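Reading the structure
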Amino acid sequence: MDGWMDGWMDFPLLSACGPRRHLKNREKHLKANLSTAPPEPVIPSKKPIKVELIGGKHYSWCSCGYSRKQPFCDGAHKTRAQGMTPLRFVPEKDSTVWLCGCKHTNNPPYCDGTHKQDFIVSAPLHEYTD
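Because the structure is predicted, anything quoted here is derived from the model rather than measured. (Residues numbered from 1 in each chain as written. Predicted model: local features only at pLDDT ≥ 70, side-chain atom pairs only at ≥ 80, totals over all residues. Heavy atoms only, no water.)

**Quick word on the nonpolar core**
In terms of nonpolar packing, the biggest core is built from 12 residues, these being I43, V51, L53, Y59, W61, F89, V97, L99, C100, C102, I120 and A123. Of all elements in the fold, only β1 (49-53), β2 (59-61) and β4 (95-99) reach the threshold of two or more residues within this core. With residues up to four places along the chain from it excluded, the contact list for L53 reads Y59, F72, F89, P91, K93, D94, S95 and V97. Ranked by size, the runner-up nonpolar core spans 7 residues in total, among them C64, Y66, A76 and M84. (Core = buried A, V, L, I, M, F, W, Y, C linked by side-chain atoms within 4.5 Å. Buried < 20%, exposed > 50% of the residue type's maximum accessible area, 1.4 Å probe, protein only. Helix = DSSP H or I, 4+ residues; strand = E, 2+ residues; numbered from the N terminus. Contact = heavy atoms within 4.5 Å.)

Shown next as structure tokens:
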């Protein structure tokens with residue numbers, strides 16, 4: 001045979017696969033990476049949360065909805081919503097603001113009224129366990 005397939009068995013990555021257990025690991029890895037859709041947040045509240053922010057202070061707004069310290073992050077995303085991260089922000093000045101509680105705002109971390117839309121109104125609230 002003379003062509004582009006000649007020597008394909010000598011290709012290091014293919015010949016290094018070894019026993020079937022490596023194929024099983026590869027299949028498991030491929031299945032885990034098939035979903036490219038980003039994780040969806042849960043809805044901890046169907047209304048905004050009024051907070052007093054201090055100018056220059058660093059905040060981490062929970063974007064996954066699993067935090068028990070809403071509207072701020074407590075690290076729950078590390079185990080409950082892998083792939084999601086909090087939104088970190090620093091306000092320029094002291095202010096009273098309404099932060100999004102439904103986690104679907106188009107202006108994070110601030111409420112934009114999305115909680116009034118049917119898909120939020122009709123959705124179940126996240127219930128904390130443990």
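**Quick word on the environment of T79**
Of note, T79 is situated in helix α3 (residues 77-80). Overall, T79 belongs to the exposed group, its relative accessible area being 65%. For T79 and Y66, which are 13 residues apart along the polypeptide, the C-alpha to C-alpha distance reads 9.7 Å.

**Details of the UniProt feature "domain: Iron-binding zinc finger CDGSH type" (unreviewed entry) in the protein chain**
If you check UniProt for "domain: Iron-binding zinc finger CDGSH type" (unreviewed entry), the listed places come out as residues 46-83 and 84-121 in our numbering. In this annotation, residues 46-83 is assigned 11% helix and 21% strand; the end-to-end C-alpha distance for the span is 23 Å. (UniProt positions renumbered as here; feature names shortened; annotations may be inferred.)

**Points about the environment of C64**
Looking at the secondary structure, you find C64 in the loop between β2 and α3. For the pair formed by C64 and E40, sequence separation is 24 residues and the distance between their alpha carbons is 7.3 Å.

**A short note on the state of the cysteines**
Inspection of every chain in the model, using the stated rule, returns 0 disulfides. Of all cysteine sulfurs in the structure, the one in C62 sits closest to C64, which takes part in no disulfide; the separation is 3.8 Å. Looking at the unpaired C102, the closest cysteine sulfur is the one in C100, lying at 3.7 Å. (Disulfide = S-S within 2.5 Å.)

**Comments concerning the packing of aromatic side chains**
Considering all chains together, one arrives at 3 aromatic pairs under this definition. When the ring of Y59 is compared with that of F89, the centres are 5.6 Å apart and the planes differ by 25°; the resulting orientation is stacked. Pair noted here: Y59 is in strand β2 and F89 is in strand β3 (residues 87-89), with a separation of 30 residues, a long-range link. Here Y59 falls in the buried class, since its relative accessible area comes to 9%. Overall, F89 belongs to the buried group, its relative accessible area being 11%. Ring centres of F89 and Y110 lie 6.3 Å apart, and the angle between their planes is 65°; this geometry places the pair in the edge-to-face category. Separated by 21 residues along the polypeptide, F89 in strand β3 and Y110 in the loop between β4 and α4 (118-121) bring together distant segments of the chain. Through successive ring pairs, a cluster of aromatic residues spans Y59, F72, F89 and Y110. (Phe/Tyr/Trp six-rings, centres within 6.5 Å; stacked < 30°, edge-to-face > 60°.)

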